[in-house]
Amino acid sequence: MKILTRHFDNPKLHELETYRALGGYQGLAKARGMAPQAVQEEVKKSNLRGLGGAGFPVGMKWSTVPPPEKAPERFVVANFDESEPGCFKDRVLGTRAPHQILEGLLIACHAVSARWGFVFIRGEYADQYDILKKAVAEAEAAGLCGDVKVRLMRGAGAYICGLDTALLETMEGKKAWPRQPPPFPTVVGLMGKPTVVNNVETLSMLPHILVNGGQWFADIGAKGDPARRIHPSGGTAVYSVSGDVERPGIYEFAMGTPLRQIIEAAGGVRGGRALKAVIPGGTSTPPLAASEIDVPMDFDSLRGVGSFLGAGGIVVLDETRDMVEVSHNIERFLAHESCGQCTPCREGSEWTTRILERVLEGGGVEPDLANLRRVGENIAGKVICALGDTVGMVVRGYMKKFPEDFAKRLPAKPAEAAR
Amino acid sequence: MSHSLSAEQKAELEAWRTYYPYPIMGLLEALRCVQGWFRCVPPEVEPHLAELFSTSVAHVHEVATFFPFLTRKPAGRHRVGICRGLSCAMAGSKDISRCLEKSLGAREGETSPDGRFSWEEMECLGACDHAPALLVDERLKGKATEEAVAKLAENLK
């Protein structure tokens, strides 16, 4: 089932004329004919959840914005700061269908009565910035933006900006240090005003929900199983598939599609090798073993197997991959991107990386595994944002599922008497 | 090199100051402009930015030193990045790093003696489908091959 990528075989989809000919901006027209509250209700019905990684129900997020009479100035920000390793779907969506993002942004602005819509895009997406800028100009010239002013802003190379509160700090001309909620951005956001931050893929879904109805979207997605605390996830998700796979690229599937099916669509493991592990949602999500890939890809099913859907960055790892190397790569990334605000994360991510480095270089000592666990546990819950929690969770995930990769690089446990 | 701002440059910074609903929101884009002009954010420019955005020099300095794109020492006229994220590392980004050092005549994180190039190993560039991903002046250039990297120096004037 394709929603966002349905017309991706059309090479001119990025142009306004083509986008409109294919039904573009009908969702916006429909939304503008409805009361904001009614748009929110339709989106609630759709079970659309935040596709930037958090999976928070979108309609519910919007409904926490205070009414206009309490706070007349409010903002919507499209988060196009994609930087999670393994994720590139936003880049493709922005390259091929910038108007889909823009239409979604304008619908969200209507839904929360905002007069300013922003797109925050990572600086390294200069081509996508140009494409989007052109799309905004086209939409403005065609009078589609109405009374909403759309503004773009580029980042300057920091991963942490992808987190909503760090993104808002950055937009306020500050360094990207996450805020400690509450208050949540929908109440106190950009410049202290209520602000909705939605990922660009999430926003791209809105035109289709408006045109076809929330129920249609909900029916496409995963129904959930309340008894197992699996909540419904509406519609589809666009997965970025990379690593040891025959055809890396983006693949759109209905929520709840088994991971195995997505990997098969990408041609399976490259070179006919055996599968060792799959990272389901970007490298901040713990790995799944080859035996676990029948899991349905939706937010809560993945939680059930100890991982996360994240932003759908699927990285396939074949039998030749060493999980100490893999976890070291990821921990080094987290240490590099730790913003430095919370000491446990700043120091702990560095320690974790250094311990893994030592193990990799053959200098590992027996207590290293216990220390890796301990360092991670001393970060989790003691820091403001999820980056710190990830530090321990990721390495623990690899140690738990692939203990032999770690064991073979470490000296055998000394005999009890020698301690 | 002189680090004073021309009238045009000042006008461009002023345009960012008024582009967003609150002036301070233009600071990061303004810093990006400065980086583009001087290939770094020179300390001499910080007071001008502080005055323009009605903030302190310390604040401007804090932001300018937080983001990796903004540098203290001049970057090359062309900035090249090779992604070292997981998918790109698995696709051999380290080999490309060695080629870049040779081809551009500079070590990682440094600028070539003629000032033409600097290159860095970068975190995930969002192009894992073209691993290992190459970035030139903030534009993704697809899969980095040893052949393409060897020609970078002549292709970028």
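Our subject is the structure listed above.
Since this is a predicted model, take the numbers as computed values, not measurements.

A. Representation of the overall build of chain B within the structure. Assigned secondary structure in chain B consists of 7 helices and 4 strands. Moving toward the C terminus, one meets the helices and strands of chain B in the order α-α-α-α-β-α-α-β-β-β-α. Expressed along its principal axes, the backbone C-alpha trace of chain B runs to roughly 45 × 30 × 25 Å. In chain B, the share of contacts with a sequence separation of at least 24, taken over all contacts with a separation of at least 6, comes to 63%. Looking at charge distribution, chain B has the averaged site of its 19 positive side-chain charges lying 4 Å from that of its 22 negative ones.

B. Fine view of the sheet that holds strand 6 (residues 249–254) of chain A. Pairing is mixed across the open sheet formed by 5 strands, whose spatial order is 6-5-9-7-8 (chain A). Only two strands of the sheet have a single neighbouring strand rather than two, namely strand 6 and strand 8 (288–289) of chain A.

C. Local environment of helix 6 (residues 98–111) of chain A. Residue and element names in this part refer to chain A. Between its terminal C-alpha atoms helix 6 stretches 20 Å, which fits the 20 Å expected from 14 residues at 1.5 Å a residue. Most of helix 6 is tucked away: 14 of the 14 residues are buried. Phi turns positive, to about 55°, at Ser113, one or two residues after helix 6.

D. Expanded view of the packing of helix 3 (residues 36–46) of chain A against helix 6 of chain A. All names here are of chain A. The interhelical angle for the contact between helix 3 and helix 6, taken along N-to-C directions, is 120°, at an axis separation of 8 Å. Classified by the interaxial angle, the pair formed by helix 3 and helix 6 is oblique. On helix 6, the residues that touch Pro36, Val39 and Gln40 of helix 3 are Ile107, His110 and Ala111. Looking at the contact of helix 3 with helix 6, its residues break down into 4 nonpolar, 2 polar and no charged.

E. Representation of the packing of aromatic side chains. Taken as a whole and assessed by the stated rule, the structure comprises 11 aromatic pairs over all chains. Plain terms: the ring middles of A:Tyr19 and A:Tyr25 are 5.4 Å apart, the flat faces sit at 85° to each other, and that makes the pair edge-to-face. Seen from their ring centres, A:Trp216 and A:Phe217 are 6.2 Å apart, and the 50° between their planes marks the pair as tilted. Judged by relative accessible area, which is 27%, A:Trp216 ranks as partly exposed. A network of ring pairs unites the aromatic residues A:Phe75, A:Trp116, A:Phe118, B:Trp16, B:Tyr19 and B:Tyr20 as a single cluster. Across from the ring centre of A:Trp116, 5.2 Å away, lies the NZ or CZ of A:Lys149, which sits over that ring.

Rules behind the numbers
- Residues numbered from 1 in each chain as written.
- Chains lettered and ligands numbered in written order.
- Predicted model: local features only at pLDDT ≥ 70, side-chain atom pairs only at ≥ 80, totals over all residues.
- Heavy atoms only, no water.
- Helix = DSSP H or I, 4+ residues; strand = E, 2+ residues; numbered from the N terminus.
- Contact = heavy atoms within 4.5 Å.
- Lys, Arg positive; Asp, Glu negative; His and termini not counted.
- Charge placed at Lys NZ, Arg CZ, Asp CG, Glu CD.
- Pairing = 2+ DSSP bridges.
- Expected span 1.5 Å × (residues − 1).
- Buried < 20%, exposed > 50% of the residue type's maximum accessible area, 1.4 Å probe, protein only.
- Axes fitted to C-alpha atoms, helices over the stretch in contact; angles between N-to-C directions.
- Parallel < 35°, antiparallel > 145°, perpendicular 65-115°, else oblique.
- Nonpolar A, V, L, I, M, F, W, Y, C, P; charged D, E, K, R; others polar.
- Phe/Tyr/Trp six-rings, centres within 6.5 Å; stacked < 30°, edge-to-face > 60°.
- Lys NZ or Arg CZ within 6 Å of the ring centre and 35° of its normal.

Such coordinate-based values are descriptive only and should not be taken to indicate function.
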